[in-house]
Amino acid sequence: MKILIVRFSSIGDIVLTTPVLRGLKEQLTDIEIHYVTKSKFSSLLENNPRIDKLWTIEKSIDEIIDALKKENFDQVIDLHHNIRTLALKKKLRKPSASFKKLNVQKWMLVNLKMKKMPKIHIVDRYMQAVESLGVKKDDSPCEFYISAENEVDIQQELELNTKKYIGVAIGAQFATKCLPTDKMVEILKDLDSTIVLLGGPEDEAKGNEIATLLNGKEIINSCGKFNLQQSASIVKQASVLLTHDTGLMHIASCFEVPVISVWGNTIPEFGMYPYFPSNPELFSIHEVKDLSCRPCSKIGYQDCPKKHFRCMVEQDVEKVVGALRGFI
């Protein structure tokens, strides 16, 4: 059987599809898996041994549709489920299955604060898309494969004198998912451990500011200095990861690195909290509950719509610090 998996973006969402790939490969015989995603996310999947062929697009599925038609797939598993994937399925004219996206329930939660979301992780919703093929969830973590050349020698490349450190993912796609700099500094200042800041080029200036304000501590700002696979290698070797609701949180769960997750405008009830199906004790969630304005979006904003940003400003620093110390 030849199967096409579809998930265009983004980091966390793609990582969370990997249990589906494992289930197909391990529970079925004679399975050939193809996967289509955006080219900028190819590094998340290019080393995954479950995938027989990885297809990438820049903007439109029309870039590869003719080639996909020639593959003559037996089944399309749509794990993105939007207008673009609907068009793709119509063009391929093959049997397909998708997951429950629950957009209505999300809208009701964001706009009416009506809690109609089922208590089910998105990984389990993804798995429902392959139930008809006889595939069941196995309660194992998500998977992330790092190429040998992207494995980071911590002591050499970061010049650390220890192999024990706290990884801190300081960024996120939207500002309302991120702790303010002063709040992050308040959390990190009393920790007696080496700290490695993680993020992309867009986080480098913030990382430098945090490092300056924490002058005297052993802190390394790796933001913008490593690609995604290399950052994943740094996360894999950390004692614990402090993170917002972001892609590195899900990458950490692949290696069962303990995760301390701090939530702002988004909420775990959307179903994308850290995925530790067999070891829930390895993560903790920190959020300011009972705010009438939260969640204000299912993704985020660049500024707090209410201008007070209470969901992050009022985070309990002592609880976050205590959770971090519990894994050091």
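Look above for the structure.
Residues numbered from 1 in each chain as written. Predicted model: local features only at pLDDT ≥ 70, side-chain atom pairs only at ≥ 80, totals over all residues. Heavy atoms only, no water.

A. The packing of aromatic side chains, seen in detail. Tallying each qualifying case throughout the model produces four aromatic pairs. Their ring planes at 75° and their centres at 4.9 Å tell us that phenylalanine 99 and tyrosine 126 sit as a pair that is edge-to-face. On the criterion of sequence distance, the pair formed by phenylalanine 99 in the loop between strand S5 (96–98) and helix H5 (103–112) and tyrosine 126 in helix H6 (residues 122–128) is long-range, its members being 27 residues apart. Considering the side-chain rings of phenylalanine 276 and phenylalanine 283, the 5.7 Å spacing of their centres and the 20° angle between planes classify their relative orientation as stacked. (Phe/Tyr/Trp six-rings, centres within 6.5 Å; stacked < 30°, edge-to-face > 60°. Helix = DSSP H or I, 4+ residues; strand = E, 2+ residues; numbered from the N terminus.)

B. Examining the layout of surface pockets more closely. Each pocket or cavity is described by its volume, and for the largest pocket that value is around 1,200 Å³. What lines the largest pocket is a set of 44 residues, and nearest its centre among them are Ser10, Ile11, Gly12, Asp13 and Gln173. Residue assignment for the lining of the largest pocket shows that the elements contributing at least two residues are helix H1 (11–15), H5, helix H10 (228–236) and helix H11 (247–254). Here the residues of the lining of the largest pocket sort into 18 nonpolar, 16 polar and 10 charged. Taken together, the residues of the lining of the second largest pocket break down into 10 nonpolar, one polar and eight charged. (1 Å grid on protein atoms, 1.4 Å probe; cavity = no way out; pocket = protein on both sides within 12 Å on 5 of 7 lines; lining within 4 Å. Points joined across faces, edges and corners; volume = space filled by probe spheres on them. Nonpolar A, V, L, I, M, F, W, Y, C, P; charged D, E, K, R; others polar.)

C. Up close: unusual backbone geometry. Put simply, serine 9 and serine 10 share a cis peptide bond, and its omega is -15°. Between arginine 294 and proline 295 the backbone carries a cis peptide bond, its omega angle lying at 0°. Among the secondary structure elements, proline 295 is positioned in the loop between strand S11 (283–286) and helix H12 (310–313).

D. Seen up close, the packing of H10 against H11. Between H10 and H11, whose axes approach to 9 Å, the crossing angle comes to 55°. For the element pair H10 / H11, the angle class is oblique. Judged by the twist between their axes, the crossing of H10 over H11 is right-handed. Between H10, through Leu228, Ala232 and Val235, and H11, the contact on the second element is made entirely by Leu248, Ile251 and Ala252. Considering only residue class, the contact of H10 with H11 consists of six nonpolar, no polar and no charged. (Axes fitted to C-alpha atoms, helices over the stretch in contact; angles between N-to-C directions. Parallel < 35°, antiparallel > 145°, perpendicular 65-115°, else oblique. Left-handed = near helix turned anticlockwise from the far one by under 90°. Contact = heavy atoms within 4.5 Å.)

E. Examining helix H2 (residues 18–27) more closely. Burial analysis of H2 places seven of its 10 residues in the buried class, the great majority of the element. Burial in H2 covers these residues: Thr18, Pro19, Val20, Leu21, Arg22, Gly23 and Leu24. Structurally, H2 contributes buried residues whose contacts are with strand S1 (2–6), H1, strand S2 (32–38) and H6. (Buried < 20%, exposed > 50% of the residue type's maximum accessible area, 1.4 Å probe, protein only.)

F. Structural detail: the pairing of strand S4 (residues 75–78). Residues of S4 alternate between two faces, with Gln75 and Ile77 on one and Val76 and Asp78 on the opposite face, all of them buried. Summarising the sheet, S4 and S5 pair through three bridges and their orientation is parallel. Bridging across to S5, isoleucine 77 finds its partner in alanine 97. Once you follow S4 into helix H4 (residues 83–92) and on to S5, the crossover reads as right-handed. (Pairing = 2+ DSSP bridges. Right-handed = clockwise from strand over helix to strand, strands pointing away.)

G. Just the nonpolar core, in detail. Membership of the largest hydrophobic core comes to 57 residues, with the highest contact counts inside it found for Ile5, Leu24, Ile77, Val130, Leu133, Phe144 and Ile234. Per element, the largest residue contribution to this core is five residues, and it comes from H11. (Core = buried A, V, L, I, M, F, W, Y, C linked by side-chain atoms within 4.5 Å.)

H. Spotlight on the side chain of serine 43. Checked against the element boundaries, serine 43 lands in the loop between S2 and strand S3 (53–57). Discounting chain neighbours no more than four positions away, the residues touching serine 43 are Phe144, Leu228 and Gln229.

I. Layout of the sheet that holds strand S8 (residues 219–221). Here six strands make up an open sheet; going across it, the order is S8-S7-S6-S9-S10-S11 and the pairing parallel. Only two strands of the sheet have a single partner each, and these edge strands are S8 and S11. Sheet twist, expressed as the average angle between the axes of neighbouring strands with direction ignored, equals 15°. Where strand S10 (residues 259–262) meets S11, four bridges bridge the pair, whose relative direction is parallel. In the strand pairing of S11, serine 261 is matched with isoleucine 285. Packing against the sheet, helix H9 (residues 204–213) makes contact with strand S7 (194–198) and S8, and its axis sits at approximately 165° to S8. The strands that H10 touches are strand S6 (165–169), S7 and strand S9 (240–243); relative to S7, the one it contacts most, it runs at about 155°.

J. Layout of the sheet that holds S4. Here five strands make up an open sheet; going across it, the order is S3-S2-S1-S4-S5 and the pairing parallel. Only two strands of the sheet have a single partner each, and these edge strands are S3 and S5. Between one strand and the next, the sheet's axes are offset by a mean angle of 20°, whatever the strand orientation. Where S2 meets S3, five bridges bridge the pair, whose relative direction is parallel. In the strand pairing of S3, valine 36 is matched with tryptophan 55. Contacting S1 and S2, H2 crosses the sheet at an angle of about 165° to S2. Together, S1, S2, S4 and S5 form the strand contacts of H4, whose direction differs from that of S4 by roughly 175°.

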